[in-house]
Amino acid sequence: MTVHFVGAGPGAADLLTVRATRLLGAAGVVLYPGTYLDPDVLSHVSPSAELIDTQGLNLSQITARLVSAHRDGKDIVRLASGDLSVYSALSEQTRRLDEVGVPWDVTPGVPAYAAAAAAVGRELTVPLIAQSVILTRTQARSTAMPPGESLDAFAATGATLVLHLAITRTRELMERIEPRYGADCPVTVVYRASQPGEITLRGTVATIAGQVEEAGLKQAAVILVGRALDPRAGGESYLYDASRERRNRT
């Protein structure tokens, strides 16, 4: 039997991949993060499957459930919000499974930042404005950031900045990046992107903190910062330039 780590996407039941829904339908045990998912995501699960909400479990308890289900001969889906490639604790969990010889694989999901960008209809890499996207978080009551990965260093690039797990510190963070991005730089905050309770706030580095505080947002929100969020800004891609030589494929 195999542990399938599955990206559940930003939370909407219809943004799971076809592979993800197939794995959910075939699983005997499904572990899911109840804090972040729209409950409709679980409509893809077989009625006979055992459902385990992980929001009250620590890493050792989650691993124990995965190992136990494997030894009982059941296929397992470990759902993670967004995509497994960022902030999913995939490395810790798979390392522990490797130590006890439990096989696993990964099915990607729609990342939260992509759903947030879609909610406001913006490309994060706009020609002549920004061609890089930085996905990061900040440290408060959390795991220490590695040396060299400071918010100040990232802000110095001027790239489109995506802040995860940072909504409760919005005011402090905007004050830190204002010297680099400017008070008038566009900022978008999307809470529970793609879910029924989605909230979208649009402002600037100078104004967004007040909006976040007024809305009372405390979790499950992504902060997007950068000039690429301005629909009036930018040039045009060379890829589609009329002067570009084009070759037909035969």
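Right above here is the structure, for reference.
Just so it is clear, the structure is predicted and the values come from calculations on it, not from any experiment.

Novice: An account of the sheet that holds strand β5 (residues 104-107) is needed here, citing residue identities and associated values.
Specialist: Ordered by their spatial adjacency, five strands build an open sheet running β3-β2-β4-β1-β5, and the pairing between neighbours is parallel. Every other strand in the sheet has two partners, leaving β3 (50-53) and β5 as the edge strands with one partner each. If you compare each strand with its neighbour and ignore which way they point, the axes differ by 20° on average. Against the sheet, helix α2 (residues 59-71) engages β1 (3-7), β2 (29-32), β3 and β4 (76-80), with an angle of about 155° to β4.

Novice: Let's hear about the environment of A69: which residues, and what values?
Specialist: By the secondary structure assignment, A69 is in helix α2. The class of A69 is buried, set by a relative accessible area of 5%. If near-sequence neighbours (up to four positions away) are discounted, A69 is found in contact with V29, K74 and I76.

Novice: Could you give me a rundown of the sheet that holds strand β8 (residues 186-191), with the residues and numbers involved?
Specialist: The strands making up a sheet are joined through hydrogen bonds of the backbone, oriented either antiparallel or parallel. Strand order in the open sheet formed by five strands is β6-β7-β10-β8-β9, with mixed pairing between adjacent strands. Looking along the sheet, the strands with just one partner apiece sit at the ends: β6 (133-136) and β9 (199-204). Ignoring which end each strand starts from, the neighbouring axes of this sheet average 15° apart. Note: β8 against strand β10 (residues 221-225), five bridges, orientation antiparallel. Following the sheet pairing, V190 is matched in β10 by V222.

Novice: Explain the nonpolar core residue by residue, including any values.
Specialist: L161, M174, I177, V189, I223 and V225 are the most contacted members of the largest nonpolar core, which has 25 residues in total. Those elements that place two or more of their residues in this core are α5 (151-155), β7 (160-163), α6 (170-181), β8, α7 (208-215) and β10. A total of four residues in this core trace back to one element, the largest contributor, which is α6. Ignoring any residue separated from it by four or fewer positions in sequence, one finds I177 in contact with L151, A155, L161, G182, V205 and V225. L16, A20, Y32 and L42 belong to the second-largest nonpolar core, a separate cluster that totals 17 residues.

Cut-offs applied
- Residues numbered from 1 in each chain as written.
- Predicted model: local features only at pLDDT ≥ 70, side-chain atom pairs only at ≥ 80, totals over all residues.
- Heavy atoms only, no water.
- Pairing = 2+ DSSP bridges.
- Helix = DSSP H or I, 4+ residues; strand = E, 2+ residues; numbered from the N terminus.
- Axes fitted to C-alpha atoms, helices over the stretch in contact; angles between N-to-C directions.
- Contact = heavy atoms within 4.5 Å.
- Buried < 20%, exposed > 50% of the residue type's maximum accessible area, 1.4 Å probe, protein only.
- Core = buried A, V, L, I, M, F, W, Y, C linked by side-chain atoms within 4.5 Å.

Nothing here speaks to function; it is all geometry.
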